[in-house]
Amino acid sequence: MKTAIHCSNAPECCGPCSQAVHHNQNVHISGQIGCNPTTKEIVNTKCVKSQTEQALKNVQAIIEAAGGSMKDIVHCTICLTNIEDHNAVNEVFAKYFPHHQSGDKHHPAPAQTCFSVKELPMHAMVQVSAVGCCGGVVPN
């Protein structure tokens, strides 16, 4: 059974989709941009690190609403409007997935795919979607 995950601490989706869907033991999180959920505006329109930080805060809010944590993320897909920003994005990722540096074999860093795209919604510079494994129970 599929269950939609809704979280008020992350921006609403634009279009006919859910912020995330819980299916079996997986949580599939829709692409998150650096949009502040309160102001509904992109943070620091000229800084990919600031936008990545906000996108990952949004991912974190959603995975926590699904009953998980960032340690449960197993894959991230990153879309960048400038592929040369990948190293800067990874610097921010290292703050959200620090366990990869400690060699924690039980909580490795997530797998990652990165694409260069022409444009993103709201003229964002980065978008992050994620998949997490959070067990079989969805909180109410």
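In short, a report on the structure. Treat the numbers as computed from the prediction; the structure is a model and nothing was measured.

Relative to the helices and strands, glutamate 64 is located in helix H1 (residues 48-65). Spatially, the C-alpha atom of glutamate 64 lies 12 Å from that of glutamine 19, the residues being 45 residues apart in sequence.

On to the nonpolar core, then. Membership of the largest hydrophobic core comes to 30 residues, with the highest contact counts inside it found for Ile29, Leu56, Met70, Ile73, Phe93, Phe97 and Val128. When contributions to this core are tallied by element, the ones reaching two or more residues are strand E3 (26-33), H1, strand E4 (73-80), helix H2 (86-96) and strand E6 (126-133). The element best represented in this core is H1, accounting for 7 residues. Setting aside its immediate chain neighbours within four residues, valine 128 contacts Ser30, Gly31, Gln32, Ala55, Leu56, Val59, Cys76, Thr77 and Phe93. In this structure, Ile33, Cys35, Ile42 and Cys79 belong to the second largest nonpolar core, which totals 6 residues.

Turning our attention to the pattern of salt bridges. One side chain can pair with another of opposite charge once the charged atoms of both are near each other. Tallied over the full model, the rule gives 2 salt bridges. Taking the shortest distance from any N to any O, the salt bridge between lysine 49 and glutamate 91 comes out at 2.5 Å. Here glutamate 91 lies in helix H2 and lysine 49 lies in helix H1, a separation of 42 residues in the sequence. Exposure remark for lysine 49: the relative accessible area of 36% places this residue in the partly exposed category. Across the pair lysine 95 and glutamate 53 runs a salt bridge, and its minimum N-O distance is 2.9 Å. On the criterion of sequence distance, the pair formed by lysine 95 in helix H2 and glutamate 53 in helix H1 is long-range, its members being 42 residues apart.

So, on to unusual backbone geometry. Here the phi dihedral of asparagine 24 falls at roughly 55°; this positive angle occurs in a residue that is not glycine. Examined against the element boundaries, asparagine 24 turns out to sit in the loop between strand E2 (20-23) and E3. You will see that histidine 123, though not glycine, has its phi angle at about 60°, which is positive. Topologically, histidine 123 is positioned in the loop between strand E5 (111-116) and E6.

Here the focus is the state of the cysteines. Taken as a whole, this structure holds 0 disulfides when the rule is applied. Cysteine cysteine 133 is unpaired, with the sulfur of cysteine 134 as its nearest cysteine sulfur at 7.3 Å. For cysteine 133, a relative accessible area of 35% puts it in the partly exposed group.

The rules behind these values
- Going along each chain's sequence as written, the residues are numbered from 1 onward.
- Restriction of local features to residues with pLDDT of at least 70 applies here, the model being predicted, together with a cutoff of 80 or more for giving and counting side-chain atom pairs; totals for whole chains, interfaces and linings are based on all residues.
- Only heavy atoms go into the side-chain values, all of them from the structure, while hydrogens and water stay out.
- Strands here are runs of E lasting at least two residues and helices are runs of H or I lasting at least four, both read from the DSSP assignment and numbered beginning at the N terminus.
- Here, nonpolar core means buried Ala, Val, Leu, Ile, Met, Phe, Trp, Tyr and Cys residues that are tied together by side-chain atoms lying within 4.5 Å of each other.
- A 1.4 Å probe rolled over the protein chains alone gives each residue an accessible area, and that area as a share of the maximum for its type sets the label: buried under 20%, exposed over 50%, partly exposed in between.
- Should any heavy atoms of two residues lie within 4.5 Å, those residues are considered in contact.
- Just to be clear on terms, a salt bridge is a Lys or Arg side-chain nitrogen sitting within 4 Å of an Asp or Glu carboxyl oxygen.
- Pairs of cysteine sulfur atoms within 2.5 Å are what we label disulfides.

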